Amino acid sequence: MLALVLGTTGCSLVPQPPAAVAAVPPARDPAAAAVDAIAAADAGTALRTAVRASVRVRSTGCQSVETGSGFALDAHTLVTNAHVVSGARRLQVDTWDGHQLAVTGSVTATVADLAVVRTREALPASVPLATADPDAGEAVTVVGYPRGEALARAAGAVTGLVDDPLGASSAPALQVEARVAPGSSGSAVVDGGGAVVGVVYAGATTGEHAYAVPVSVLREALDASTSTSDRAASATTPAC
Amino acid sequence: MAADERRGAERSAPAALLPAPRRAPDAAGGVVRPLLRERPRRRSRGTSAVVLLLLGAVVAALALSAHLWGAAQAWRSQAQDAEVQRDRLATTSVELQRHLDEVQAALDASDARVEQLAAEKARAADLREASSR
């Protein structure tokens, strides 16, 4: 009945389906683009934070001046290698933006090649520690000052946990495929989320592999360092 | 004789119209029938109702068609507005992303310059420390 009526009233009154919309330019979906941009910005922010938390450690000894790397854990605490600060008559810390900070003391760990250094002035940024050691194949970035030159970021991947190649520690070492050089000691190994998963302390002579103290060992060393800070602090100022 | 006299009287009478003698209904004829045929009243009302019903249906269908047409037009217009707004937002998003990329590139360049200057300053400090040692 309705169809008959509609048919007799003329087709112009029957609602027509909407006309085909003109082809939209092949732009990306704004929502997807925004999500990608936010993810990229987050990753960039995480790495930038790690970069700004990196420091260059200058160790002035009786015979020479050596440099290493490190990273800030909080406003006045940074982590580097024990062999960077050992034998130092004077320690200085340079931040990523050229500020020079005075060191008030350092603590070396016994379980691994680690040292905790305290600064008088505030560090510009700090980087968080990962909750667990990384899995094999995980992408990481080594942030440090190879050869004492400008701040560098070396992308790489975790190979896995291995025995200490130097044989100096019973703790396992984290093997990373990333380019390092002398001066990279103490560099932070940062995961994709910007958390520290290791501290570089050795490298292959070819420069293709780096060995790092895993974050689990670093946490143990940090816990132990809080009770021995006063005793170990005097060890950084030997008489020449 | 009497018949002759009657014929003579008819012949002599003028040709005037005389009322016909009213005749009583023939009792022997039976039923008296009306001259006009009576319409069946019940059937006439039914036809009117059907016509009115059809008319109402046509009016309702017209109203429904108008309503559907208007609704379709409104939806089509709204869809076109949404498409325009989406295109505008997409354009704005692309422009903002390009601007953000430019700002990010400038920030990276300035960071690299700061790092380079910091490295030069640190190397100078290394040399100063080495010379003063």
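Here the structure is a predicted model, which is why all the values come from computation and not from measurement. (Residues numbered from 1 in each chain as written. Chains lettered and ligands numbered in written order. Predicted model: local features only at pLDDT ≥ 70, side-chain atom pairs only at ≥ 80, totals over all residues.)

A few points about the overall build of chain A
Quick reminder of the rule: By definition, any uninterrupted DSSP run of H or I lasting at least four residues is a helix, any uninterrupted run of E lasting at least two residues is a strand, and each is numbered from the N terminus. Put simply, a residue is buried when 20 or more other C-beta atoms lie within 10 Å of its own C-beta and exposed when 12 or fewer do; between those, it is partly exposed, and each C-beta is set from the backbone. By the convention adopted here, residues are in contact when the distance between their C-beta atoms, placed from the backbone, does not exceed 7 Å.
When you go through chain A residue by residue, the secondary structure sums to 4 helices and 12 strands. When the 240 residues of chain A are sorted by exposure, 42% land in the buried category. Counting only contacts in chain A whose residues sit at least 6 apart along the sequence, the fraction spanning at least 24 positions is 63%.

Regarding the sheet that holds strand β2 (residues 65-72) of chain A
Residues and elements named next belong to chain A. Counted only if it meets this: Here, any two strands with at least 2 DSSP bridges between them count as paired. Angles run from 0 to 180 degrees between N-to-C directions of axes, and those axes are lines fitted to C-alpha atoms, restricted for helices to the stretch in contact.
Reading around the barrel, the 6 strands line up as β1-β2-β3-β6-β5-β4 and close back on themselves, with antiparallel pairing between neighbours. Sheet twist, expressed as the average angle between the axes of neighbouring strands with direction ignored, equals 40 degrees. Where strand β3 (residues 77-80) meets strand β6 (residues 115-119), 4 bridges bridge the pair, whose relative direction is antiparallel. Across the sheet, valine 79 pairs through a bridge with valine 116, a residue of β6.

What about the sheet that holds strand β10 (residues 188-191) of chain A?
All names here are of chain A. Taken together, 6 strands build a closed barrel; the order of strands is β7-β8-β9-β12-β11-β10 and the barrel is antiparallel. Going from strand to strand, the sheet's axes swing by 45 degrees on average, the running direction of each strand aside. When strand β7 (residues 139-144) meets β10, the two strands line up antiparallel, connected through 4 bridges. When the sheet's bridge partners are listed, valine 142 is paired in β10 with valine 189.

What to know about unusual backbone geometry
The phi dihedral of A:Arg147 falls on the positive side, at around 60 degrees, and the residue is not glycine. Tracing the backbone through its elements, the reader meets A:Arg147 in the loop between β7 and β8 (152-162).

Thoughts on the environment of A:Val79
All names here are of chain A. Note on placement: valine 79 falls in strand β3. Spatially, the C-alpha atom of valine 79 lies 9.1 Å from that of leucine 218, the residues being 139 residues apart in sequence. If sequence neighbours within four positions are ignored, valine 79 has contacts with Gly70, Phe71, Leu73, Leu114, Val116, Val199 and Leu218.

What about the pairing of β6(A)?
Residues and elements named next belong to chain A. Within β6, 4 of the 5 residues are buried, leaving the element largely enclosed by the surrounding structure. Both strand β5 (residues 100-108) and β6 contribute to a ladder of 5 bridges, which runs antiparallel. Across the sheet, residue serine 106 finds its bridge partner in β6, namely valine 117.

A word on the pairing of β10(A)
Residue and element names in this part refer to chain A. Side chains of β10 alternate between two faces, with Ala188 and Val190 and Val189 and Asp191 buried alike. Bridge count for β10 against strand β11 (residues 196-203) is 3 bridges, and the pairing is antiparallel. Within β11, the residue paired with alanine 188 across the bridge is valine 199. Adjacent in sequence and paired antiparallel, β10 and β11 are bridged by 4 residues, among which glycine 194 carries a positive phi angle near 85 degrees.

Digging into the environment of A:Gly194
All names here are of chain A. Mapped onto the elements, glycine 194 comes out in the loop between β10 and β11. Distance from glycine 194 to alanine 43, taken between C-alpha atoms, is 7.5 Å for residues 151 residues apart in sequence. Ignoring anything within four residues of it in the chain, the contact list for glycine 194 reads Ala46, Leu47, Thr49, Ala50 and Val127.

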